[in-house]
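A look at the structure
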Amino acid sequence: SQTIHQWPATLVQPVGSPLSLECTVEGTSNPNLYWYRQAAGRGLQLLFYSVGIGQISSEVPQNLSASRPQDRQFILSSKKLLLSDSGFYLCAWEGLPGGSGYGYTFGSGTRLTVV
Amino acid sequence: GDSVTQMEGPVTLSEEAFLTINCTYTATGYPSLFWYVQYPGEGLQLLLKATKADDKGSNKGFEATYRKETTSFHLEKGSVQVSDSAVYFCALSPFTGGGNKLTFGTGTQLKVEL
């Protein structure tokens, strides 16, 4: 069955430091992948999505970037973190485990605190 | 563009009370509709979905019906439990194909008390 993994679960980073969050999907090929951010007390904002290796679409101009170096790997990065980058980051795969119809499956999330 | 509007929270209910969380949407075409649930400190879990008009999604006692005439997808449960306390997100996807962006409502926090 298909699964999505995201790490780390929690991260505390100083302002100005780099960031790398990783998301991988198992059990499927050529998945559509998404990065969302949830700021404290707010809804989910789509940051990036990818429909294939090296194909990245950005939704919101910001201090972050994304890369898709392998078919089932999606990475969220920053060269220099800002305080405003704090939030809960979620990776999503456009699919459901076991092929149970259409939908999206989310990773367990990374809680990033920039100090 | 596509948008989803949810009722403001928090919603506080006593155990065994009836729950309704309103959700309306704006979209062109025929979107798929979803309800996701987020328990404290966790990611999002798909609760239920509907992919065409008049479909009813159901799971764990929760139900929602895709109403195209009122562009709504209200979440209901007949008898809530303390374990249902979470944040609920309504969302839509514009197509049933690939590379579609999921648009979320702002979420509604539900608190169920004994």
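Bear in mind that the values here come from a model prediction, so they are computed numbers and not experimental data.

Digging into the overall build of chain B
Helices and strands together make up the secondary structure of chain B, namely zero helices and twelve strands. Taken over C-alpha atoms, the radius of gyration comes to 14 Å for chain B, in line with the 13 Å a tight globule of 114 residues would show. Taken along its principal axes, the extent of the C-alpha atoms in chain B is 45 × 30 × 20 Å. Residue burial in chain B is summarised as follows: out of 114 residues, 44% are buried. Within chain B, residue pairs in contact and separated by at least 24 positions form 57% of the contacts whose partners lie at least 6 positions apart. For chain B, the accessible surface area stands at approximately 5,300 Å², while carbon and sulfur atoms represent 48% of it. Computed over 9 positive and 12 negative side-chain charges, the inter-centroid distance for chain B is 7 Å.

Let's talk about the interface of chain B and chain A
Facing 23 residues of chain B, the contacting portion of chain A comprises 24 residues. If you look at where chain B meets chain A, you find one salt bridge. Of the charged contacts, one joins E59 of chain A and K101 of chain B as a salt bridge, the two residues approaching to 3.4 Å between their closest N and O atoms. Within the residue set of the side of chain B that touches chain A, elements represented by two or more residues are β5 (32-38), β6 (44-50) and β10 (86-93) of chain B.

Digging into the sheet that holds strand β1 (residues 3-7) of chain A
Residue and element names in this part refer to chain A. If you walk across this open sheet you meet the four strands as β1-β3-β8-β7, and the pairing is antiparallel. Across the chains shown, the open sheet's two edge strands, defined by having one partner strand only, are β1 and β7 (65-70). Neighbouring strand axes in the sheet, compared pairwise and without regard to direction, differ in orientation by 20° on average. Two elements, β7 and strand β8 (residues 73-78), share four bridges in a ladder whose sense is antiparallel. Paired with Q70 across the strands is Q73, a residue of β8.

A look at the side chain of Q38 of chain B
Summarising the element assignment, Q38 of chain B is placed in strand β5. Within the structure, the side chain of Q38 of chain B is placed 3.0 Å from the side chain of Q38 of chain A, a separation counted as a polar contact.

Parameters and conventions
Residues numbered from 1 in each chain as written. Chains lettered and ligands numbered in written order. Predicted model: local features only at pLDDT ≥ 70, side-chain atom pairs only at ≥ 80, totals over all residues. Heavy atoms only, no water. Helix = DSSP H or I, 4+ residues; strand = E, 2+ residues; numbered from the N terminus. Rg over C-alpha atoms; globule rule 2.2 N^0.38 Å. Buried < 20%, exposed > 50% of the residue type's maximum accessible area, 1.4 Å probe, protein only. Contact = heavy atoms within 4.5 Å. Areas by Shrake-Rupley, 256 points an atom, 1.4 Å probe, with all protein chains shown as cover. Lys, Arg positive; Asp, Glu negative; His and termini not counted. Charge placed at Lys NZ, Arg CZ, Asp CG, Glu CD. Salt bridge = Lys/Arg side-chain N within 4 Å of Asp/Glu carboxyl O. Pairing = 2+ DSSP bridges. Axes fitted to C-alpha atoms, helices over the stretch in contact; angles between N-to-C directions. Polar contact = N/O pair within 3.5 Å; in protein donor to acceptor, adjacent residues only side chain to side chain.

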